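This is what each chain is made of:
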Amino acid sequence: MNDKTIKKNITRLWNQAYINYDDCYAHGLKSEGEKKEWLRFLRKVIGKQPCSILDVGAGTGFVSLLLAELGHTCKGIDLSENMLSKAKEKAEKAGFHNVTFAIGDAEDTKEPAKQYDVVINRHLVWTLPHPEKAIKEWKRVLKPGGRLVIMEGNWHYNRLSDRIQVFLGKCLITLVEHRNAFSNDGDYDKDTKEELPMMKSRNARRLGQMVQNAGLKVTVIPMTEVDRAEKQAMPLRYRLLNPHKRITVIGVKE
Ligand SMILES: C[S@@+](CC[C@H](N)C(=O)[O-])C[C@H]1O[C@@H](n2cnc3c(N)ncnc32)[C@H](O)[C@@H]1O
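Residues numbered from 1 in each chain as written. Predicted model: local features only at pLDDT ≥ 70, side-chain atom pairs only at ≥ 80, totals over all residues. Heavy atoms only, no water.

Draft legend 1. A look at the site of the ligand. The immediate surroundings of the ligand are formed by 20 residues, with Tyr 21, Gly 57, Asp 78, Ala 106 and Arg 122 found nearest. At 2.7 Å, a backbone N or O of Gly 57 approaches a nitrogen atom of the ligand. Leu 79 is positioned such that a nitrogen or oxygen atom in its backbone is 3.3 Å from a nitrogen atom of the ligand. When the ligand is considered free in solution it has 590 Å² of accessible area, and contact with the protein chains removes 99% of it. In terms of residue class, the shell around the ligand is made up of ten nonpolar, six polar and four charged. (Near = heavy atom within 4 Å. Polar contact = N/O pair within 3.5 Å; in protein donor to acceptor, adjacent residues only side chain to side chain. Areas by Shrake-Rupley, 256 points an atom, 1.4 Å probe, with all protein chains shown as cover. Nonpolar A, V, L, I, M, F, W, Y, C, P; charged D, E, K, R; others polar.)

Draft legend 2. Structural view of the side chain of His 244. One can find His 244 in the loop between α10 (236–241) and β7 (246–252). A polar side-chain atom of His 244 sits 3.3 Å from a polar atom in the side chain of Glu 230. Setting aside chain neighbours within four positions, we find His 244 in contact with Ala 26, Asn 154, Trp 155, Tyr 157, Asp 227, Glu 230 and Lys 231. (Helix = DSSP H or I, 4+ residues; strand = E, 2+ residues; numbered from the N terminus. Contact = heavy atoms within 4.5 Å.)

Draft legend 3. Structural context of the side chain of Thr 60. Along the chain, the position of Thr 60 falls in the loop between β1 (52–56) and α3 (62–69). With a relative accessible area of 1%, Thr 60 lands in the buried category. Look past the residues within four positions of Thr 60 in its chain and what remains in contact with it is Tyr 21, Asp 22, Leu 65, Met 83, Lys 86, Ala 87 and Lys 90. (Buried < 20%, exposed > 50% of the residue type's maximum accessible area, 1.4 Å probe, protein only.)

Draft legend 4. Focus on the nonpolar core. Grouped together as the largest cluster of nonpolar side chains are 29 residues, with contacts concentrated most on Ile 46, Ile 120 and Met 151. Among residues more than four places away in sequence, those in contact with Ile 46 are Cys 51, Ile 53, Leu 67, His 72, Val 118, Ile 120 and Arg 147. Within the second largest apolar cluster, 24 residues are counted, among which are Val 56, Val 119, Met 198 and Ile 247. (Core = buried A, V, L, I, M, F, W, Y, C linked by side-chain atoms within 4.5 Å.)

Draft legend 5. Local environment of helix α9 (residues 224–232). Buried within α9 we find Val 226, Asp 227, Ala 229, Glu 230 and Lys 231. The secondary structure elements touched by the buried residues of α9 are α2 (32–46), α10 and β7.

Draft legend 6. Expanded view of the sheet that holds strand β4 (residues 116–122). Ordered in space as β3-β2-β1-β4-β5-β7-β6, the seven strands form an open sheet in which the pairing is mixed. With one partner strand each, in any of the chains shown, β3 (99–103) and β6 (217–222) form the two edges of the open sheet. Each neighbouring strand pair of the sheet contributes to a mean axis angle of 20°, computed without reference to strand direction. In terms of strand pairing, β1 meets β4 through three bridges, oriented parallel. Pairing of Asp 55 across the sheet is with Ile 120, part of β4. Sheet contacts for α2: β1, β4, β5 (142–153), β6 and β7; angle to β5, the most-contacted strand, approximately 145°. The strands touched by helix α5 (residues 131–141) within the sheet are β1, β4 and β5, with β5 carrying the most contacts at an inclination of about 145°. (Pairing = 2+ DSSP bridges. Axes fitted to C-alpha atoms, helices over the stretch in contact; angles between N-to-C directions.)

Draft legend 7. Broad picture of the packing of α2 against α3. Remark: α2 packs on α3, axes separated minimally by 10 Å, with the N-to-C direction vectors making an angle of 75°. Between α2 and α3, the crossing angle belongs to the class labelled roughly perpendicular. Across from Lys 35, Trp 38, Leu 39, Leu 42 and Ile 46 in α2, the residues of α3 making contact are Phe 62, Leu 66, Leu 67 and Glu 69. Here the contact of α2 with α3 is built from residues that sort into seven nonpolar, no polar and two charged. (Parallel < 35°, antiparallel > 145°, perpendicular 65-115°, else oblique.)

Draft legend 8. Structural context of the pairing of β7. With six of its seven residues buried, β7 lies for the most part within the structure. Bridge count between β6 and β7: six bridges; the pairing is antiparallel. Note on β7: the bridge partner recorded for Val 218 is Gly 251.

Draft legend 9. Layout of the pairing of β4. Within β4, six of the seven residues are buried, leaving the element largely enclosed by the surrounding structure. With six bridges connecting them, β4 and β5 associate as parallel partners. Looking across to β5, one finds that Tyr 116 is bridged to Leu 142. The β-α-β motif built from β4, the intervening α5 and the parallel element β5 has right-handed crossover chirality. (Right-handed = clockwise from strand over helix to strand, strands pointing away.)

This is the structure in structure tokens:
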């Protein structure tokens, strides 16, 4: 599949998914406790000093808006116009003037070199056809001393216990919500999935290695408190459906 078709398929999916993206567990904020943990975590990885930040694959603005609340200046880019329309709506409602959104490709941002203190993303790398190329691009737009912050989950469940747990979660959702939780609606087709190398990998080890190969100094942090706060807000059926553990890979451009 050529690059243009892959990106077209990706954009199409998110242009449909935007409607209830924020309502989904593990996507939107569901409790004050969860928000508190996210803010605490972002303060820890970015620091208190106001920064200029590029949020790549910003979606409905989850990370950008928390960063704006913390006083940073943030630009969010995304392929999906509809996801960004939600982000813009939320920024306007919150009265934030320190956050902007624009259409852009995370693998080729068109941003000037050495522009940002921080390049950040959450739940993006799994859906990139060329993650290594993207990391080089993010390094290019970082100022010397700048930080790349990648927040990802192990979305592909290899362990039998995780698979059983997800299966039970889907059974319960089907029973309780009277909808087919086993349907593949809202997922990429098989051919598109084949083009996304991080869908099948153990993210923490591989991502850290990729960032290191790009010449950045790497630290990997588990997101235990954020995961815990998020799961506390979930009913049992969604806790079963979401056995993921998240990590953050930080790469410093020296
Ligand atoms: C799972 S959502 C994550 C959104 C947001 N970062 C969050 O944490 O809620 C993935 C997002 O990545 C966007 N995306 C996928 N590939 C992209 C690319 N090459 N460049 C920019 N955005 C991309 C999608 O449109 C979608 O909004």
